[in-house]
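Below are the chains, spelled out letter by letter.
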Amino acid sequence: MDDADVLEALRECAPATTDRIAERLSAPVDVVDDRLAALEEDGRVERERAREDEGAGNGEWTIVRDPRLEESVDRMRDRLGRERR
């Protein structure tokens, strides 16, 4: 299981909790939680904190949008639009 596997499972799970991602990957929850924590530290994912009644660690994970990537996509879209004209 690498980062790509975890990120793909995160996209496919709704809600994307650690438990659901681990189930999707058929991996131990603690291993997935460690991988997600490393991705969070790298700024690639973030966790919405769970409500009190949901228990600690059950918040949903989301992929962080990289503004540099968004700008790159916008520039490419503009360039392709100019080339088509």
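Note that this is a predicted model, so its numbers are computed, not measured.

(A) Structural view of the pattern of salt bridges. Throughout the structure, instances matching the rule amount to six salt bridges. The residue Asp-74 makes a salt bridge to Arg-77 at a minimum N-O spacing of 3.1 Å. Linking Asp-74 with Arg-77, this pair stays in helix α4 (residues 67-84), spanning three residues, or about one helical turn. For Arg-77, a relative accessible area of 53% corresponds to the exposed category. Among the ionic pairs, Glu-83 bridges to Arg-79, the shortest N-O distance being 3.1 Å.

(B) Main features of the side chain of Arg-47. Of note, Arg-47 is situated in strand β1 (residues 45-47). Separated by 3.0 Å, the side chains of Arg-47 and Asp-33 make a polar contact.

(C) Fine view of unusual backbone geometry. Between Ala-14 and the following residue, Pro-15, the backbone shows a cis peptide bond with an omega angle of -5°. Positionally, Pro-15 belongs in the loop between α1 (3-12) and α2 (18-25). The backbone of Ser-26 sits at a positive phi, close to 55°, despite the residue not being glycine. Relative to the helices and strands, Ser-26 resides in the loop between α2 and α3 (29-41). Accessibility expressed as a relative area gives 70% for Ser-26, which makes it exposed.

(D) Just the packing of α2 against α3, in detail. Contact geometry for α2 and α3: axes closest at 9 Å, N-to-C directions at 115°. Our classification of the angle between α2 and α3 gives roughly perpendicular. The element α2 and its partner α3 pack so that their crossing is right-handed. For the pair α2 and α3, the contacting residues are Thr-18, Asp-19, Ile-21, Ala-22 and Leu-25 in the first and Val-29, Val-32, Asp-33 and Leu-36 in the second. Residues that form the contact of α2 with α3 fall into these classes: six nonpolar, one polar and two charged.

Cut-offs applied
Every chain's residues receive numbers from 1 upward, in the order its sequence appears when written. Only residues with pLDDT of at least 70 get local features here, since the model is predicted, and only at 80 or more are side-chain atom pairs given and counted; chain-wide, interface and lining totals rely on the full set of residues. As a rule here, side-chain values come from all non-hydrogen atoms in the structure, and water together with hydrogens is ignored. For this analysis, a salt bridge means a side-chain nitrogen from Lys or Arg found within 4 Å of a carboxyl oxygen belonging to Asp or Glu. Put simply, DSSP H or I for four residues or longer makes a helix, DSSP E for two residues or longer makes a strand, and each gets a number counted from the N terminus. Accessible area is worked out with a 1.4 Å probe on protein chains only. A residue is then buried under 20% of its type maximum, exposed over 50%, and partly exposed in between. N or O atoms closer than or at 3.5 Å make up a polar contact, with two conditions inside protein: a donor-capable atom paired with an acceptor-capable one, and, for residues adjacent in sequence, both atoms drawn from side chains. Here, axes are lines fitted to C-alpha atoms. For helices the fit covers the stretch in contact, and angles between N-to-C directions go from 0 to 180 degrees. Orientation is classified from the angle alone, with under 35 degrees giving roughly parallel, over 145 giving roughly antiparallel, 65 to 115 giving roughly perpendicular, and any other angle giving oblique. Less than a right angle of anticlockwise turn of the near helix away from the far helix marks a crossing as left-handed, whereas a clockwise turn marks it as right-handed. Whether two residues touch is decided by their heavy atoms; if any such pair falls within 4.5 Å, the residues are in contact. The nonpolar class holds Ala, Val, Leu, Ile, Met, Phe, Trp, Tyr, Cys and Pro. Asp, Glu, Lys and Arg form the charged class, and all remaining residues, Gly among them, are polar.

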